[in-house]
Amino acid sequence: MVKVSALSILLFLISFIANSQDIIVKRNGKTIEGKVTEVGIDRVSYTISNEPKSAIFVIKKNELNRIEFANGQTVFINDQIGTGKRREEVSVNAEGFGRSQINFSPFKALDSGPGFGVSYEIQVDKKQYLGVILPFTITFPDRYNYLFDSGNTGRNEMFYFSPGLKIYPFGQRKVTYAVGPHIFTGFGQSYTTSTNYDPGTGVYTNVDRRTKNFRLGIIVNNYINFQITPKFQLGLNGGLGSRYIDRETTDLNVINRGGINITGEFNFNFGLRF
């Protein structure tokens, strides 16, 4: 009799274990009873029937809080996902790219002529998708003053200050693309020596005149940066825009080149990040 009772209890336990189910607990508190068949990278597969060919259902892991398996083991899905996120953030930050940059441009070309420049940039958000850049440029165009019949115009150094934004749509990488607008202001001056002839006296006299130049406009640049090391980089950029003010002021008059005038920029630079 004891043997029969023990055998009955054993069969009952085997049957209970065979029919026991896993419990899937969702983040909203709802539960699903079934049999988990697979725990993938981003989803969990399960069945709600013990039949061999029963339907398999799939649920995303980011909807789950935990899985309570029939054998007593509990797996918290959110902890695993959170760990994965932390590892990903550490991996990204491990590149060591600083938020600030100082770049030197040994060659820079604007529509006013070739030159050189220096710029400072800082990424203003933690993920480094947005930067503020402050470039300063000097160009050396040869300007010939057409106001006079004869004469020579001295070299006109143009000084540009062009604050702007840099948007990094793909974040910071070893090869990084950025785009952004600049508001540029340019100013400079040139000196002209002209020769005037007085028919009454037959005397030639030299007259020195000064021309002041001022420009204001907007340009949109496209950038490619090559991060050679976490601290050292090379870069190229090119852009197009418009000059809305292009004015020359002389001792005689003021010349305003009205309308929208197309302007451009090309730049090679190298610099440091910190």
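If you're wondering where the values come from, they're calculated on a predicted model, not measured in any experiment. (Residues numbered from 1 in each chain as written. Predicted model: local features only at pLDDT ≥ 70, side-chain atom pairs only at ≥ 80, totals over all residues. Heavy atoms only, no water.)

With respect to the packing of aromatic side chains
The relation between two aromatic rings is expressed through the spacing of the ring centres and the mutual angle of the planes.
Then comes step 1: Per the stated rule, a full pass over the model turns up six aromatic pairs.
Then comes step 2: When the ring of Phe-104 is compared with that of Phe-270, the centres are 6.2 Å apart and the planes differ by 40 degrees; the resulting orientation is tilted. Placement of the pair is Phe-104 in strand β7 (residues 100-110) and Phe-270 in strand β17 (residues 261-273), with a sequence separation of 166 residues.
Then comes step 3: What makes Phe-104 partly exposed here is its relative accessible area of 41%.
Then comes step 4: Through successive ring pairs, a cluster of aromatic residues spans Phe-136, Phe-159 and Phe-187. (Phe/Tyr/Trp six-rings, centres within 6.5 Å; stacked < 30°, edge-to-face > 60°. Helix = DSSP H or I, 4+ residues; strand = E, 2+ residues; numbered from the N terminus. Buried < 20%, exposed > 50% of the residue type's maximum accessible area, 1.4 Å probe, protein only.)

With respect to the confidence of the model for the protein chain
Then comes step 1: Per-residue confidence for the protein chain gives a mean pLDDT of 80, with 80% of residues at or over 70.
Then comes step 2: Here residues 143-153 is modelled with pLDDT under 50, and outside its nearest four sequence neighbours on either side it reaches 32 contacts, counting other chains as well. (pLDDT = per-residue confidence, 0-100. Contact = heavy atoms within 4.5 Å.)

Digging into the pattern of salt bridges
When the charged atoms of two side chains lie near each other, side chains of opposite charge can form a pair.
Then comes step 1: Summed over all chains, the structure comprises eight salt bridges.
Then comes step 2: Put simply, Arg-215 and Asp-111 hold a salt bridge, and the shortest N to O gap is 3.0 Å. Here Arg-215, found in strand β14 (residues 203-227), pairs with Asp-111, found in the loop between β7 and β8 (113-123); they are 104 residues apart in sequence, far enough to count as distant.
Then comes step 3: A relative accessible area of 36% means that Asp-111 is categorised as partly exposed.
Then comes step 4: Put simply, Arg-243 and Asp-111 hold a salt bridge, and the shortest N to O gap is 2.8 Å. Of this pair, Arg-243 sits in strand β15 (residues 232-249) while Asp-111 sits in the loop between β7 and β8, and the two are 132 residues apart along the sequence.
Then comes step 5: Exposure remark for Arg-243: the relative accessible area of 8% places this residue in the buried category.
Then comes step 6: In the salt-bridge network here, residues are joined through shared partners; they are Asp-111, Arg-215, Arg-243 and Asp-246. (Salt bridge = Lys/Arg side-chain N within 4 Å of Asp/Glu carboxyl O.)

Observations concerning the sheet that holds strand β6 (residues 74-76)
Then comes step 1: Judged by pairing direction, the sheet is antiparallel, and its six strands sit side by side in the order β4-β3-β2-β1-β5-β6 without closing on themselves. Since the sheet does not close on itself, it has two edges, and those belong to β4 (57-60) and β6, each with one partner. Averaged over all pairs of adjacent strands, the angle between their axes in this sheet comes to 40 degrees, without regard to strand direction.
Then comes step 2: Note: strand β2 (residues 31-39) against strand β3 (residues 43-47), four bridges, orientation antiparallel. Residue pairing for β3: Glu-38 is matched across the bridge by Ser-45. (Pairing = 2+ DSSP bridges. Axes fitted to C-alpha atoms, helices over the stretch in contact; angles between N-to-C directions.)

Overview of the environment of Ile-255
Then comes step 1: Checked against the element boundaries, Ile-255 lands in strand β16 (residues 254-256).
Then comes step 2: For the pair Ile-255 and Asn-213, spaced 42 residues apart in sequence, the C-alpha separation works out to 9.6 Å.

Some remarks on the pairing of β2
Then comes step 1: Pairing of strand β1 (residues 22-26) with β2 involves four bridges; the strand directions are antiparallel. If you follow Ile-23 over to β2, its bridge partner there is Glu-33.
Then comes step 2: Taken together, β1 and the strand that follows it, β2, pair antiparallel across an intervening segment of four residues, in which Gly-29 is found at a positive phi of about 95 degrees.
Then comes step 3: Between β2 and the antiparallel strand that follows it, β3, lie three residues.

What to know about empty space enclosed by the protein
Then comes step 1: Evaluated as defined, the whole model comprises one cavity of 30 Å³ or more.
Then comes step 2: Put simply, the largest cavity is a space of about 250 Å³.
Then comes step 3: For the lining of the largest cavity, the secondary-structure elements that each account for two or more residues are β7, β8, β9 (130-139), β13 (175-198), β14, β15 and β17.
Then comes step 4: Taken together, the residues that form the lining of the largest cavity break down as nine nonpolar, 16 polar and six charged. (1 Å grid on protein atoms, 1.4 Å probe; cavity = no way out; pocket = protein on both sides within 12 Å on 5 of 7 lines; lining within 4 Å. Points joined across faces, edges and corners; volume = space filled by probe spheres on them. Nonpolar A, V, L, I, M, F, W, Y, C, P; charged D, E, K, R; others polar.)

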